[in-house]
Amino acid sequence: MDIDVAIKLLQGVISFLEEYGEHGFDNAMSEAKEMASQMGIEATFREKNIIRIKKQFDESRSDGITNSTEESFRVDYFLFIVDKTHSSIEIRFAQFKKYEETFGFLLNLERLRDMDNESLLRSCKNLQDSYTHNGCSDIDGDDLFLS
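Calculation rules
Residues numbered from 1 in each chain as written. Predicted model: local features only at pLDDT ≥ 70, side-chain atom pairs only at ≥ 80, totals over all residues. Heavy atoms only, no water. Core = buried A, V, L, I, M, F, W, Y, C linked by side-chain atoms within 4.5 Å. Buried < 20%, exposed > 50% of the residue type's maximum accessible area, 1.4 Å probe, protein only. Helix = DSSP H or I, 4+ residues; strand = E, 2+ residues; numbered from the N terminus. Expected span 1.5 Å × (residues − 1). Bend = angle between axes of the 7 residues up to and from the residue. Contact = heavy atoms within 4.5 Å. Polar contact = N/O pair within 3.5 Å; in protein donor to acceptor, adjacent residues only side chain to side chain. Phe/Tyr/Trp six-rings, centres within 6.5 Å; stacked < 30°, edge-to-face > 60°.

Moving on: the nonpolar core. Ile3, Ile7, Leu10, Ile14, Leu17, Ile89 and Phe93 form the largest nonpolar core, which has seven residues in total. Where this core is concerned, the elements lending two or more residues are helix 1 (3–39) and helix 2 (69–107). At five residues, helix 1 tops the list of elements feeding residues into this core.

Counted at 1.5 Å a residue, the expected span for helix 1 with its 37 residues is 54 Å, but the 44 Å between its end C-alpha atoms falls short. The principal kink in helix 1, of about 65 degrees, is found at histidine 23. What helix 1 keeps buried is the set Ile3, Ala6, Ile7, Leu10, Ile14, Leu17, Gly24, Phe25, Met29 and Ala36. In this structure, the buried side of helix 1 is in contact with helix 2.

What follows deals with helix 4 (residues 117–130). Relative to the 20 Å expected for 14 residues at 1.5 Å per residue, helix 4 spans 20 Å between its end C-alpha atoms, a close match to the ideal helical length. Residues of helix 4 that are buried: Ser119, Leu120, Ser123, Cys124, Leu127 and Gln128. Where helix 4 is buried, its residues contact helix 2, helix 3 (109–114), strand 1 (132–133), strand 2 (136–137) and helix 5 (141–146). By the N-cap criterion, in which a side-chain oxygen at the helix start approaches the backbone nitrogen of a residue two or three places on, helix 4 is capped by aspartate 116, the distance to glutamate 118 being 3.2 Å.

Tracing the chain through its elements places serine 119 in helix 4. For serine 119, a relative accessible area of 17% translates into the label buried. Of the polar contacts made by the side chain of serine 119, one reaches the side chain of aspartate 116; its length is 3.0 Å.

Here we come to the packing of aromatic side chains. Under the defined criterion, the tally for this structure stands at seven aromatic pairs. Ring geometry for phenylalanine 25 against phenylalanine 73: centres 6.3 Å apart, planes inclined by 40 degrees, an arrangement best described as tilted. Pair noted here: phenylalanine 25 is in helix 1 and phenylalanine 73 is in helix 2, with a separation of 48 residues, a long-range link. In this structure phenylalanine 25 comes out as buried when scored by relative accessible area, which is 7%. Members of the aromatic cluster, connected to one another through ring pairs, are Phe16, Tyr20, Phe25, Phe73, Tyr77 and Phe78.

Structure, rendered in structure tokens:
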């Protein structure tokens, strides 16, 4: 697979996950309820037992906001999983973009053939810079350009 194609596909996955995080829960819930009804299963969330802690006279009395079980599931599980997936794909996307910046001109022969001399020299120098450590490089960008 060409790295350009992989980057476009990852961008599509990122867009899908962003949209799914905003509107996917309602669609997933309606599909799950439909599947549950087809199987003859009641589609409800079980209520959790609320643990009450006795407060001392000098502590504040706020019990906090209690969400419905469906909202708790959406926040604690659904959005958590979608966000983790999104951030993981974003990391991969950034890695692929970095690989494309460094090696992309070598991986696509049509683009290599169509590059002007200035762009090709800049790409060769970028490749040299990526393989430079403590002033020493395994690749000479000028030699690579002239070859």
